[in-house]
Amino acid sequence: MADNQQPQEPPAVQEGNVDSAPRSALQTITNASFVNQLPDVTEEDRNHESDPESVASELSSNGYKVNLMKDLCEALDNVKVAGSFASFRPLKETPPAGLHVDGIGPISMPLHETQARQLISKARQAPFGKGSETVVDTSVRNTWELDASQFTFTDPNWPGYLQSIINDVASDLGIINSPIRAEIYKMLLYERGAMFKSHTDTEKVPGMFGTLVVSLPSAHQGGDVVVKHCGEKKTFKTSDTTQSFITWYSDVHHEVLPVESGYRWVLTYNLALDPKAVRPSAGLVRDETRALRHTLRKWLREPVETRKSGLYYALDHEYTEASVRLNNLKTRDLAVGQVLSSLGKELGFEVFLTLLEKEEMGSCEWDGYDPWDRRNRWGYRGGGWGEDSEEEDDYGGGGGDDKSFHPLEDICDTTYSVKTVRDLEGRKVVESLPLDADDMLQVSEDVFSAVEPKEEYEGYMGNSGPQATHWYRISAILLVPSDSISSFFNNNNEKDTYSYSTTSKEASARSLIGYFARATLEYMHSHKDRATRYFSAVVELCDRYWSPPPAAPERPSYTYRMYSGETKPKLLDGKDLESAIQAAILLGNFEFLEKACSKHGGALPTTFSAWVKNWLKTSTSDSAFRDIRKGLTSAVEQYPYLPEQLQAVRDLTPSPEEEGWSVELRSEISEWADDMLKSCLNTSLTADKEIGSDDADTMIDMALMAPDPSRFLSTSVVPSLDPARQSIAFFISFLARLWGEGANGTIPYDNVKAIYITVAKKFIAGADLSKIKTETGMKIDHNKRRRLSYYGSAANGPTADELRTAISLDDLLDFYSTLIRVSTKEDNENGDGDLATQLITSLNAAVPRLPVDEMHDFWLPLLWSLIPLITANGIPYTTPLYQSLYRSILTRYINHFVGRQPVSSNSLIRPRVRCSCGDCNLLNQFLESPTRSVGRFAVNKARRQHLHNKLDGERIDCTHLSERNTIPHTLVVTKTFRAHDQRMKAWKQRKAYADGRFEMFAKTRSPLTPELRGLLGEEYDNIMGMRDAYSETATPTVSSSTSAAGGTSAAAPTPTPLESSSGNVAGTPAPVAGVKRSRDGVDVIDLTED
């Protein structure tokens, strides 16, 4: 544009254009001189202004000023905002009085010496975060701190005083129309010499973006605060003002210089924004984005084959994986992100947030530590990957004057990578991509060198000298053209050299599918062509993801099974799959709909049905339901259990009261729903998998939906019930719910009773009650499997599916009580006995198979809890069937849990070791000798170690020591009786635990009542005294008081006095591994831990 020409008027902003947003104090501005240097706007350019989709509009027909990278970088660099990365202001007014500290009382202002010393007496030395640890090191941080719980503000004027400061903070940091939340964190006191080296703040509360420090009245010298960010440095002198505040963003490096005199007294606050709130727009008007638009359009017009498919622009601030999202961006980063986001939707490119890494490896100077030292020093500022302490500030220790950092002398390898790619909502898109430094708009050396690295250092390793690896990490925006986004991610994911397994690539595929599915829905109504393109990517990725794994080798290894997906189902995230299926319906891709619905494996949220129902109601197609019927059928069938299936069908079916449905469509859906529920019910009743209590409730719910619930149950449910197929929890829950419906009259009582008796008889006759599962038993079983599993697969306890088949003690007691109520005289007359008697008979038959682990918290409490029911129903305690149940359960518990008291033995014979070498043959001769207690083996170190390993590996009851006064040294093996002591100790612990279980008798029943003696009969003394658990030489006598109290005071068994409880001869100190001792004048060393 010529100097004497007036600038062209910008075109009128169309209604609804993203650039028509009102301007605010946060609004970005553009460098005017750069705008004036742009080429003239031609008539052709103006003709394209009305077409916001045209990549030829505005200045796109003109070339670059320099080139794409420099022009785009300059345009983005010129996006500016009002606000700074840090600010300092003196405060004119003295803070309100009323600061009260626990244990001291009110603190006066200004602070004087006496109260300063009192504060120190109540404070602690402030720690800091280093790596994953929180440490105290006064050479790094020398400060006294009080937690927020130790002080309060009693003056009602304090909130208003603080709010006025917050208003200034918002203005200084460029945060407009977004309420700032200030949370008090600490009170800090810096005395003479106190300081804190350069560090950054970690994110301590959700939405935290910065820190506020209020300097309270206290005379001091020194203690200046130095802040640095992006090459800019500021120094704030709190000593020059009576009171003041300093504020900065969390990733700003700041340092407190040493206090020279007095006390620097401050309050610190964590500053946070609501991460879910909509941040104010930083959008530019069209004239101010001309340079940016021109460069972006020019880029998008380049041939796809030669165009850069991804461009990275480094941000000013650093973010963690947890916090990187558009609403959490700070100052200029937020402005850049918002501008690019709005332009991307208009012009046809996508905007992502990324975390980039540069890795350098090379030799370095030895630091004088252990030559085999290998350690990490996490010096990356701000804890950018969430690895640093969340409790205290992060001291980097990666550069500056930290002597533990090792500059690289000779760099042998440099690599760049993209650690994670997130959408603007912070959701993962893909991880671990290769990065070409030439795709960065800024010079990579400049942006990475501006941050401090983290380091891994290795000392001397064999012939290799000291080496170090440095990582530099930054946050960046990624721009990808919409028409090449699929190939960009797919190609880079295939080239990924940082993912070491198929599993990680599948995880990337899952997150990509989710991204493309959400993007399809986002653009469905505004950019149909873009939505179609993204959905094609969804289909392609799903086809690849759902394809069968490669052919297995003849004997597949565990590694193959892990990476091929054989060990787990390949399921997508439920919400992402829901988005993909919704997109398929909207785009009419019913083939994909059917495939996706048949693959969800229960992950699809049942809320999907409500969305389908609304779509059907508003659809203008006469064949809408017929088009999706097959897919819906597959979707319902994929839910693993009946409750989810019923919920999905219910949510999709219009109720008779709902208006707006055509008769034909309502009829189609109702017919489908009836057929679907019948099919699901039949599958649930006949499937191999166990169904549980929730399924039982659902079947009753389905019966109540039928015109005749009793008929539905009698014809559709009861004939298919089989105790060999359905779980015990299912039957007990089904009968309990059925009885409840009869009691409240929902189903006629006589019908309920008849069905109840039929089902109960079938259940009692066919169920193996030893297979009763409880939640406690499931947890014990999972803990056992976790201990046996190398990968700890049972670490999280029973799954929700497993818990469906668990019952509680109350469930079984209620079942027993109901059986008594429904039993009839006919039951006794026909010889079957009443239902309650049949249940006790079945329990008696199950006792030999009852798992001992379930005894403590289920079967013993069941015995205690049955007594009141037996009493209330007039059942004689001497009834043989009940006596048998009590005797057999308690006897099994004593025999299989407590066990027999170990019998001591003076025998010196020990088991052989399993080895036939010459040394072991001599060792075995010694071990089998009934007269030798000490064996001596003069062999070299390797052979001594072999004997040591065999003895320890096979747990032979002996000790082994090396005498050092002979050549070769002599291994001295001494037979001990520690194994007996260990067995006795374990037995006593089990016995004591069993005594505690038996105390339930005394706690639940009066010791003077005859129930226990009646139920146990002549076995009472034996069982309650646990006589069968003692050896013949130590049988206890059960006193009358013990008998009355339930046997908890039985005399403890007396161990044979061969050795002390420690396993050593009485009076002999236990050996200490690796420590020399003297035996008969000979130096001896324990080889236990050689």
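Rules of the game
Residues numbered from 1 in each chain as written. Predicted model: local features only at pLDDT ≥ 70, side-chain atom pairs only at ≥ 80, totals over all residues. Heavy atoms only, no water. Helix = DSSP H or I, 4+ residues; strand = E, 2+ residues; numbered from the N terminus. Buried < 20%, exposed > 50% of the residue type's maximum accessible area, 1.4 Å probe, protein only. Contact = heavy atoms within 4.5 Å. Areas by Shrake-Rupley, 256 points an atom, 1.4 Å probe, with all protein chains shown as cover. Core = buried A, V, L, I, M, F, W, Y, C linked by side-chain atoms within 4.5 Å. Arc of directions from axis to C-beta. Salt bridge = Lys/Arg side-chain N within 4 Å of Asp/Glu carboxyl O. Axes fitted to C-alpha atoms, helices over the stretch in contact; angles between N-to-C directions. Parallel < 35°, antiparallel > 145°, perpendicular 65-115°, else oblique. Left-handed = near helix turned anticlockwise from the far one by under 90°. Nonpolar A, V, L, I, M, F, W, Y, C, P; charged D, E, K, R; others polar. Pairing = 2+ DSSP bridges. pLDDT = per-residue confidence, 0-100.

## Some thoughts on the overall build of the chain
Counting its regular elements, the chain contains 35 helices and 31 strands. Residues counted as buried form 51% of the 1090 residues belonging to the chain. Taking all contacts inside the chain whose residues are at least 6 apart in sequence as the whole, residues at least 24 apart take part in 76%. Roughly 50,000 Å² of accessible area belongs to the chain as shown, and the carbon and sulfur atoms make up 50% of that amount.

## Structural notes on helix α3 (residues 68–77)
With respect to burial, α3 is a largely interior element, seven of its ten residues being buried. Turning to α3, its buried residues number three or more, namely Leu68, Met69, Asp71, Leu72, Cys73, Ala75 and Leu76.

## Section: the nonpolar core
Of all hydrophobic cores here, the largest spans 164 residues; its most connected members are Phe489, Phe516, Phe592, Leu616, Leu713, Phe734 and Phe815. In contact with Phe734, not counting residues within four places along its chain, are Ala696, Ile700, Leu713, Val717, Leu721 and Val759. The next biggest cluster of nonpolar side chains, apart from the first, holds 53 residues, and it includes Ile165, Leu173, Val214 and Trp248.

## Let's talk about unusual backbone geometry
Across the junction of Met109 and Pro110, the peptide omega takes the value 0°, indicating a cis bond. Assignment of secondary structure puts Pro110 in the loop between β3 (105–106) and α4 (113–122). Across the junction of Ile967 and Pro968, the peptide omega takes the value -5°, indicating a cis bond. Tracing the backbone through its elements, the reader meets Pro968 in the loop between β28 (958–963) and β29 (970–975). Its identity as a non-glycine residue notwithstanding, Thr331 has a phi of 40°, on the positive side. One can find Thr331 in helix α7 (residues 331–347). On the basis of relative accessibility, which here comes to 9%, the residue Thr331 falls in the buried class. Positioned with a positive phi, Ser432 is a non-glycine residue whose angle comes to about 60°.

## Section: α4
The α-helix winds at 3.6 residues per turn, so residues separated by three or four positions along the chain end up facing the same way. Residues Gln115, Ala116, Leu119 and Ile120 constitute the buried set of α4. Down the axis of α4, the buried set is contained in an arc of 150°. They therefore lie on one face. Exposed residues lying more than 90 degrees from the buried face of α4 are Thr114 and Ser121. Along its buried surface, α4 packs onto β2 (99–101), β3, β8 (144–147), β10 (181–190) and β19 (264–272).

## Focus: the pattern of salt bridges
Within the structure shown, the criterion is met by 47 salt bridges. When the shortest N-O distance is used, the salt bridge between Lys358 and Glu360 registers 3.2 Å. Between Arg626 and Glu668 there is a salt bridge, with its nearest N and O atoms 3.5 Å apart. Remark: Glu668 occurs in helix α18 (residues 663–686) and Arg626 occurs in helix α16 (residues 624–638); sequence separation between them is 42 residues. The exposure class assigned to Glu668 is buried, which follows from its relative accessible area of 18%.

## Some remarks on the packing of helix α22 (residues 749–766) against helix α27 (residues 835–846)
Packing of α22 against α27 brings their axes to within 10 Å, and their N-to-C directions diverge by 20°. As far as their axial angle goes, α27 and α22 are roughly parallel. Along this stretch, α22 crosses α27, giving a crossing that reads as left-handed. Together, Ile757, Ala760, Lys761 and Ile764 of α22 and Leu835, Gln838, Leu839 and Ser842 of α27 make up the contact between the two elements. Residue composition of the contact of α22 with α27, by class: five nonpolar, two polar and one charged.

## Considerations on the sheet that holds β19
If you trace the seven strands from one edge of the open sheet to the other, you get β1-β16-β12-β19-β10-β8-β4, paired in antiparallel fashion. Among the strands making up the open sheet, the edge pair consists of β1 (86–90) and β4 (124–125). By the bridge criterion, seven bridges tie strand β12 (residues 208–215) to β19 in an arrangement that is antiparallel. Looking across to β19, one finds that Gly210 is bridged to Leu271.

## Structural notes on the environment of Thr241
Turning to its location among the elements, Thr241 is positioned in the loop between β15 (232–236) and β16 (244–249). Since its relative accessible area comes to 19%, Thr241 is described here as buried. A C-alpha to C-alpha distance of 6.2 Å links Thr241 and Pro90, two positions 151 residues apart in sequence. Setting aside residues up to four positions removed in sequence, Thr241 forms contacts with Phe88 and Pro90.

## Here we look at the sheet that holds strand β7 (residues 141–142)
Pairing is antiparallel in the open sheet, where five strands are placed in the order β7-β11-β17-β14-β15. In this open sheet, the two edge strands, each paired with only one partner strand, are β7 and β15. Pairing analysis gives five bridges linking strand β14 (residues 225–229) to β15, with the strands arranged antiparallel. Paired with His229 across the two strands is Glu232, which belongs to β15.

## Some details on the environment of Leu1015
The topology assignment puts Leu1015 in helix α33 (residues 1011–1016). C-alpha of Leu1015 to C-alpha of Leu881: the two residues are 134 residues apart in sequence and 9.7 Å apart in space. Ignoring any residue separated from it by four or fewer positions in sequence, one finds Leu1015 in contact with Ile867, Ile870, Tyr877, Tyr882, Gln883, Tyr886 and Arg887.

## A look at the confidence of the model for the chain
The predicted model of the chain averages 79 in pLDDT, with 77% of residues at 70 or higher. Confidence drops under a pLDDT of 50 for residues 1–60, and excluding neighbours within four residues, the segment shows 117 contacts in the predicted structure. The model gives residues 557–569 a pLDDT under 50, and that stretch makes 20 contacts with residues more than four places away or in other chains.

## Some details on the packing of α27 against helix α29 (residues 880–898)
Two numbers describe how α27 lies on α29: the axes approach to 10 Å, and their chain directions differ by 35°. Both α27 and α29 take part in a crossing whose hand is left-handed. Residues Thr837, Ile840, Thr841, Leu843 and Asn844 of α27 form the contact with α29, whose own contacting residues are Leu881, Tyr882, Ser884, Leu885 and Ser888. Class assignment for the residues of the contact of α27 with α29 results in five nonpolar, five polar and no charged.

## Remarks on the pairing of strand β24 (residues 428–434)
Where strand β23 (residues 408–422) meets β24, five bridges bridge the pair, whose relative direction is antiparallel. Along β24, the bridge assignment pairs Thr420 with Glu431. Between β23 and the antiparallel strand that follows it, β24, lie five residues; Gly426 among them carries a positive phi value of about 85°.

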